[in-house]
Amino acid sequence: GENVEQHPSTLSVQEGDSAVIKCTYSDSASNYFPWYKQELGKRPQLIIDIRSNVGEKKDQRIAVTLNKTAKHFSLHITETQPEDSAVYFCAASRGNFGNEKLTFGTGTRLTIIP
Amino acid sequence: DAGVTQSPTHLIKTRGQQVTLRCSPKSGHDTVSWYQQALGQGPQFIFQYYEEEERQRGNFPDRFSGHQFPNYSSELNVNALLLGDSALYLCASSFGLAAPEQFFGPGTRLTVL
């Protein structure tokens, strides 16, 4: 089955600097890669996603890149702010539809230092 | 437009008991997936319901079962509770045949003593 590895497990950056979180996946059939942000005691919130026919996607300060050949994808947060502090999870699934299971990474605890 | 809702918020049970958790999907969604999130870990897929049938199942024992109702809401049942079943149980809803995005509910925190 699919295995998703995520690094680093913890990350501290100065406010205003950039943060990068990396994930690798094992199943070459995976073609959908979402990122979730989970604040303490809250639900995982979908913040950005990318499909395998796209190499990069950007939404304001957040961007995701995908390298299908190397089977890895990354989350980039620029101009970090205190409210970016949370645990971030990457995930992968095989489908282009909502009826495919998500396999999650182990999470990255991001701390923004004011 | 209501998002995904779950009940109860918290639950405390003892070993050997049975528990039922409930989920109502986001308006317009027809697929419900259940995940278990242990402390400090990523969510682990339990199973998924679409058209009132279990479509996929993760690596969880038969003590975990579920149901989907005609209004697309869903229940997760866990029998013979073990200490290791203590976790946050999340449900996620999606529109099965339209798009891959899954949206999570707030979860039910289950504590087994």
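Shown above is the structure to which this text applies.
Each value, and the rule that gives it
Residues numbered from 1 in each chain as written. Chains lettered and ligands numbered in written order. Predicted model: local features only at pLDDT ≥ 70, side-chain atom pairs only at ≥ 80, totals over all residues. Heavy atoms only, no water. Disulfide = S-S within 2.5 Å. Helix = DSSP H or I, 4+ residues; strand = E, 2+ residues; numbered from the N terminus. Buried < 20%, exposed > 50% of the residue type's maximum accessible area, 1.4 Å probe, protein only. Contact = heavy atoms within 4.5 Å. Buried area = accessible area lost by both parts, 1.4 Å probe. Salt bridge = Lys/Arg side-chain N within 4 Å of Asp/Glu carboxyl O. Polar contact = N/O pair within 3.5 Å; in protein donor to acceptor, adjacent residues only side chain to side chain. Nonpolar A, V, L, I, M, F, W, Y, C, P; charged D, E, K, R; others polar. Pairing = 2+ DSSP bridges.

Peer 1: Before we go on, may I ask you to explain the state of the cysteines in this structure?
Peer 2: Note: disulfide means a covalent bond formed between the sulfur atoms of two cysteine side chains. Residue and element names in this part refer to chain A. Taken as a whole and judged by the stated rule, the model has 2 disulfides over all chains. Shown here is the disulfide that connects Cys 23 with Cys 90, its sulfur atoms set 1.9 Å apart. Disulfide Cys 23-Cys 90: torsion about the S-S bond near -100°, hence left-handed. Within this pair, whereas Cys 23 is found in strand β3 (residues 19-25), its partner Cys 90 is found in strand β9 (residues 86-92), the two being separated by 67 residues in sequence. Cys 23 gets classed as buried once you look at its relative accessible area, which sits at 1%.

Peer 1: How do you make sense of the interface of chain B and chain A when you look at a structure like this?
Peer 2: Where the parts come together, the accessible area they lose is often given as the size of the interface. Taken together, the contact pairs 27 residues of chain B with 20 residues of chain A. For the pairing of chain B and chain A, the buried interface totals around 1,900 Å² over both sides, and the portion due to carbon and sulfur atoms is 52%. Taken as a group, Pro 100, Gln 102 and Phe 104 of chain B account for 29% of the area that chain B buries against chain A, more than any other trio of residues on that side. The interface formed by chain B and chain A contains 1 salt bridge. When the shortest N-O distance is used, the salt bridge between Glu 101 of chain B and Arg 51 of chain A registers 3.4 Å. At the junction of chain B and chain A, the tally comes to 7 residue pairs in polar contact (both at pLDDT 80 or more). Listing elements by their share of the side of chain B that touches chain A, those giving two or more residues are β4 (31-37), β5 (44-50), β6 (53-57), β9 (87-94) and β10 (103-104) of chain B. The class makeup of the residues in the side of chain B that touches chain A is 14 nonpolar, 11 polar and 2 charged.

Peer 1: Looking at this structure, I do not really get the pairing of β5 of chain B. What am I missing?
Peer 2: Each regular strand carries side chains that alternate between the two faces of the sheet. Residue and element names in this part refer to chain B. For β5, the tally of buried residues reaches 6 of 7 residues, placing the bulk of the element in the interior. Pairing of β4 with β5 involves 6 bridges; the strand directions are antiparallel. By the bridge assignment, Gln 36 is partnered in β5 with Gln 44. Hairpin connection of β4 to β5: 6 residues between the antiparallel strands, including Gly 40 at a positive phi of 80°. Pairing geometry for β5 and β6, over 4 bridges, is antiparallel. Its bridge partner being in β6, Tyr 50 is matched across the sheet by Glu 53. If you look at the hairpin formed by β5 and β6, you'll find 2 residues sitting between the two strands, and Glu 51 has a positive phi there, around 55°.

Peer 1: Help me understand the side chain of Gln 36 of chain B in this model?
Peer 2: Residue and element names in this part refer to chain B. Here Gln 36 is to be found in strand β4. On the basis of relative accessible area, Gln 36 is assigned to the buried category, the value being 12%. A distance of 2.9 Å separates a polar atom in the side chain of Gln 36 from a polar atom in the side chain of Tyr 89. Those residues in contact with Gln 36 that sit more than four places away from it in its chain are Gly 42, Pro 43, Gln 44, Ile 46, Phe 60, Phe 64, Gly 84, Asp 85, Ala 87, Leu 88 and Tyr 89.

Peer 1: What am I meant to see in the side chain of Thr 20 of chain B here?
Peer 2: Residues and elements named next belong to chain B. Checked against the element boundaries, Thr 20 lands in strand β3 (residues 19-24). In terms of polar contacts, Thr 20 uses its side chain to reach the side chain of Gln 18, at 3.0 Å. Within the structure, the side chain of Thr 20 is placed 2.7 Å from the side chain of Asn 77, a separation counted as a polar contact. Each residue touching Thr 20, except ones within four places of it in the same chain, is listed here: Pro 8, Glu 75, Leu 76 and Asn 77.

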